[in-house]
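Coordinates in review
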Amino acid sequence: MTETSPQTSKLQHFPVPIFATIMGLMGWSLAFHAAPDGMAWADELSTGVMWVGAAVFAGLAILYLVKLLRFPAAARAEWNHPVRLAFFPAISISLLLLSTAMWVHFPDLAKGLWLTGAVGQVVLTLAVVSGWISHRSFEVGQLTPAWFIPAVGNVVAPIAGAQMGFVELSWLFFSAGVIFWLVLLTLVFNRLIFYDPIPGKLLPTLVILIAPPAVAFSAYVSLTGQVDGVARIFLNAAYIFAALVLVQAPKFRHLPFALPWWALSFPVAALAIASFRFGALTGSNVHTSIGYGVLFVLSLIMLGLIARTLLAAVRGEICVPE
């Protein structure tokens with residue numbers, strides 16, 4: 001019998017939620033890019049973080065592909081996991097975000113990445129939603145805000161897709177994302193109000209509540225080119241959820257670090273981007289100031305998450321069985 005080496009064992013437990021780190025990095029890059037013109041340091045940081053995110057994504061994608069080929073049973077176990085299932089679209093979302101960040105620098109490459117991410121998003125959205133409504137029975141307690149991730153991916157697509165000329169396809173993604181968001185929002189609040197609290201380890205996923213309306217605002221503005229009543233509803237819904245999460249934030253203080261903590265990153269980035277875009281389009285200095293404040297908080301969050309993740313990786317606490 002062949003013994004399993006420690007490296008092989010770790011690879012077997014390489015978790016798909018780790019792709020949320022790419023969403024956070026690319027969101028951070030796009031938040032710097034969304035800062036008002038004239039901030040050379042912001043553009044430089046945006047480009048630097050973009051390349052770091054691209055390199056990390058390539059490394060993680062290779063590792064997960066190796067896991068998929070060598071340990072298909074472990075990958076299937078993640079697919080059948082009620083929480084981890086929702087993280088698979090984080091892979092296609094990462095591609096869509098990477099294409100959005102690269103659009104200014106390498107438009108041809110960005111289009112290729114967008115099309116690849118869009119196809120992946122369609123396949124994964126259909127597969128995940130089909131998994132939810134299949135013969136498998138999910139318990140209400142297994143529902144968390146992480147289930148918003150597939151919906152978020154669909155509203156991410158139009159941000160760059162509309163600029164690339166994929167207008168009708170972008171509207172299709174936008175429609176799917178908003179519909180799934182509204183359905184899941186009802187289900188998630190039903191779970192939060194009437195059932196047991198979310199387990200401590202998954203409590204940071206509450207921050208994902210901010211992401212769908214914040215991203216929907218940016219997508220809607222990209223599609224319509226204006227800020228109207230619908231856009232304002234999306235943005236202010238994001239602010240309302242941010243305030244709700246802020247009230248819950250003290251509960252996070254004593255939680256041990258785990259990958260779900262990365263749920264803090266992308267939603268906060270989406271809020272900063274939406275605030276900057278609203279400020280730029282309407283001339284609102286208040287919203288621009290909010291954008292700077294949120295970007296500052298985001299930067300603190302990202303630096304903390306990167307440091308804690310690197311420390312956990314050195315200690316071998318990332319690829320461990322649950």
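Look up a bit, the structure's there.
Residues numbered from 1 in each chain as written. Predicted model: local features only at pLDDT ≥ 70, side-chain atom pairs only at ≥ 80, totals over all residues. Heavy atoms only, no water.

What to know about the packing of aromatic side chains
To describe a pair of aromatic rings, one takes the distance between the centres and the angle between the planes. Evaluation of the coordinates by the stated rule reveals 20 aromatic pairs. Their ring planes at 65° and their centres at 6.2 Å tell us that Phe19 and Phe57 sit as a pair that is edge-to-face. Within this pair, whereas Phe19 is found in the loop between helix H1 (6-12) and helix H2 (20-34), its partner Phe57 is found in helix H3 (residues 40-70), the two being separated by 38 residues in sequence. Across the pair, Phe57 and Phe19 agree in class, each one buried. Judged by centre distance (6.3 Å) and plane angle (80°), the rings of Tyr64 and Phe88 are edge-to-face. Placement of the pair is Tyr64 in helix H3 and Phe88 in the loop between helix H4 (72-79) and helix H5 (89-102), with a sequence separation of 24 residues. Here Tyr64 and Phe88 have matching classes, each one buried. (Phe/Tyr/Trp six-rings, centres within 6.5 Å; stacked < 30°, edge-to-face > 60°. Helix = DSSP H or I, 4+ residues; strand = E, 2+ residues; numbered from the N terminus. Buried < 20%, exposed > 50% of the residue type's maximum accessible area, 1.4 Å probe, protein only.)

Looking at the environment of Val286
Mapped onto the secondary structure, Val286 falls in helix H12 (residues 285-314). The class for Val286 is exposed, based on a relative accessible area of 56%. A C-alpha to C-alpha distance of 48 Å links Val286 and Lys67, two positions 219 residues apart in sequence.

Details of the packing of helix H9 (residues 211-224) against helix H11 (residues 265-282)
Between H9 and H11, the shortest axis-to-axis distance is 8 Å and the interhelical angle comes to 35°. In terms of crossing hand, the pair formed by H9 and H11 is left-handed. Each of Ala211, Ala214, Val215, Phe217, Ser218, Val221 and Ser222 in H9 lies in contact with H11, whose residues at this interface are Phe266, Pro267, Ala270, Leu271, Ile273, Ala274, Arg277, Phe278 and Leu281. Residue classes in the contact of H9 with H11 are distributed as 13 nonpolar, two polar and one charged. (Axes fitted to C-alpha atoms, helices over the stretch in contact; angles between N-to-C directions. Left-handed = near helix turned anticlockwise from the far one by under 90°. Contact = heavy atoms within 4.5 Å. Nonpolar A, V, L, I, M, F, W, Y, C, P; charged D, E, K, R; others polar.)

By themselves, these are just geometric observations and shouldn't be taken as functional.
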